[in-house]
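Coordinate analysis (summary)
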Amino acid sequence: MDVTRCERCPRLRTWCELVAREKRAAYAEEVYWGLPVPNFGPDDASRLIVGLAPAAHGANRTGRMFTGDRSGEWLYRALHRAGLANQPTSLHRGDGLGLRDTLITAVCHCAPPDNKPTREEMANCSDYLRAAVLHPARRAILCLGGIAWESTLRILEVKPRAKFSHGAMVSIGDLAVLGCYHPSQQNTFTGRLTEAMLDQVIQQFAAASG
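The structure reproduced in this document is the subject of the present report. (Residues numbered from 1 in each chain as written. Predicted model: local features only at pLDDT ≥ 70, side-chain atom pairs only at ≥ 80, totals over all residues. Heavy atoms only, no water.)

Attention now moves to the packing of helix 5 (residues 126-133) against helix 6 (residues 146-155). Contact pair helix 5 / helix 6: the axes reach a minimum separation of 10 Å and the direction vectors enclose 70°. In this view, helix 5 runs roughly perpendicular relative to helix 6, as classed from their interaxial angle. Contacts between helix 5 and helix 6 involve Ser126, Leu129, Arg130 and Val133 from the former and Ser151, Thr152 and Ile155 from the latter. A per-class count over the contact of helix 5 with helix 6 returns three nonpolar, three polar and one charged. (Axes fitted to C-alpha atoms, helices over the stretch in contact; angles between N-to-C directions. Helix = DSSP H or I, 4+ residues; strand = E, 2+ residues; numbered from the N terminus. Parallel < 35°, antiparallel > 145°, perpendicular 65-115°, else oblique. Contact = heavy atoms within 4.5 Å. Nonpolar A, V, L, I, M, F, W, Y, C, P; charged D, E, K, R; others polar.)

Dropping the structure here:
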């Protein structure tokens, strides 16, 4: 499935293309990606990270998950400290960043207005998430935020569905699903998520795949 060709959500496609044309002043000279953002990392990785959606001036600009925004700065620093990324920075698609046995996906592959996809839009994108979650190579899944947690457990048909919390973990056979507060500015600026908290969960995630 080539997600970059997806046209299932007219509102999201219109928004992403508008942002790519109008741009932010700081990136006025850059060519925005403006398309649905594909997964980043090896498809057959044993570890999977599930985010919510690309940022309008982050991955919608750079074309790579969690690249070019504050959330990505936090995430990739933590992945590097855990030995899952070869460098701590994530600036653009050609910056040499690589992941070790880790794939990054999202509930929605298009940037939504106000970072809030609708239920219908999330449902439209669910085939892509399902393919990522149910890959037989998976041994650990890290869900960044409650929506990623709920969406992942729904695909895995976990009943009753465990409540999301930072550090939550559900074991399904040889698969571990972990919950983590999303490294959004709303969480990191307020201190709800600290780098120590993020490191702790990502270290568990790194160890969970064996």
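The subject of this paragraph is the packing of aromatic side chains. For the structure shown, the criterion picks out three aromatic pairs. The interplanar angle of 70° and the centroid separation of 6.4 Å between the aromatic rings of Phe40 and Tyr76 together place this pair among those described as edge-to-face. Here Phe40, found in the loop between helix 1 (10-22) and strand 1 (47-51), pairs with Tyr76, found in helix 3 (residues 70-81); they are 36 residues apart in sequence, far enough to count as distant. Judged on exposure class, the residue Phe40 and its partner Tyr76 are both buried. Feature note: the residues Trp149, Phe164 and Tyr181 constitute an aromatic cluster, connected by ring pairs. One Lys or Arg, Arg61, reaches over the ring of Tyr27 and ends 3.6 Å from the middle of that ring. (Phe/Tyr/Trp six-rings, centres within 6.5 Å; stacked < 30°, edge-to-face > 60°. Buried < 20%, exposed > 50% of the residue type's maximum accessible area, 1.4 Å probe, protein only. Lys NZ or Arg CZ within 6 Å of the ring centre and 35° of its normal.)

The next subject is the environment of Arg61. Relative to the helices and strands, Arg61 resides in helix 2 (residues 59-62). Of the residues examined, Arg61 reaches a relative accessible area of 7% and is grouped as buried. With residues up to four places along the chain from it excluded, the contact list for Arg61 reads Tyr27, Glu30, Val31, Tyr32, Trp33, Ala56 and Gly68.

Here the focus is the nonpolar core. Counting 54 residues, the largest nonpolar core has Leu79, Ile104, Ile141 and Leu142 as its most contacted members. Sorting the residues of this core by element identifies strand 1, helix 3, strand 2 (102-106), helix 5, strand 3 (140-144), helix 6, strand 5 (175-180) and helix 8 (195-208) as the ones contributing at least two each. In this structure, Ile104 is in contact with Asn39, Phe40, Ile49, Met65, Phe66, Leu75, Tyr76, Leu79 and Leu99, ignoring residues within four places of it in sequence. (Core = buried A, V, L, I, M, F, W, Y, C linked by side-chain atoms within 4.5 Å.)

Counting buried residues in strand 3 gives five out of five residues, a clear majority hidden from the surface. Side chains Ala140, Leu142 and Leu144 of strand 3 all project onto a buried face; the interleaved residues Ile141 and Cys143 project onto the opposite face, where all are buried too. Here strand 1 runs beside strand 3; their pairing, made up of four bridges, is parallel. Among the inter-strand pairings, Leu48 is bridged to a residue of strand 3, identified as Ile141. (Pairing = 2+ DSSP bridges.)

What follows covers the sheet that holds strand 2. Spatially, the five strands line up as an open sheet ordered 2-1-3-5-4, and their pairing is mixed. A single partner strand is all that each edge strand has here, and the edge strands are strand 2 and strand 4 (169-172). Each neighbouring strand pair of the sheet contributes to a mean axis angle of 20°, computed without reference to strand direction. Bridge count for strand 1 against strand 2 is five bridges, and the pairing is parallel. From the neighbouring strand, Gly51 faces strand 2, where its bridge partner is Ala106.

With that settled, consider helix 1. For helix 1, with 13 residues, the first-to-last C-alpha span of 18 Å sits near the 18 Å given by 1.5 Å per residue. Regarding helix 1, the residues found buried are Leu12, Arg13, Cys16, Val19 and Ala20. Down the axis, helix 1 shows its buried residues gathered within 135° of arc, on one side only. Facing away from the buried surface of helix 1 by more than 90 degrees, the exposed residues are Pro10, Thr14, Arg21 and Glu22. Residues of helix 1 that are buried make contact with helix 2 and helix 4 (119-124). Looking at the residues trailing helix 1, positive phi occurs at Lys23, about 60°. (Expected span 1.5 Å × (residues − 1). Arc of directions from axis to C-beta.)

Turning our attention to unusual backbone geometry. Trans peptide bonds make up most of the peptide bonds, and negative phi angles are found at most residues other than glycine. Here the bond from Lys159 into Pro160 is cis, since omega is -10°, no more than 30 degrees from zero. Backbone geometry places Glu157, a non-glycine residue, at a positive phi of 55°. The class for Glu157 is exposed, based on a relative accessible area of 63%.

The values are spatial; any link to function lies outside them.
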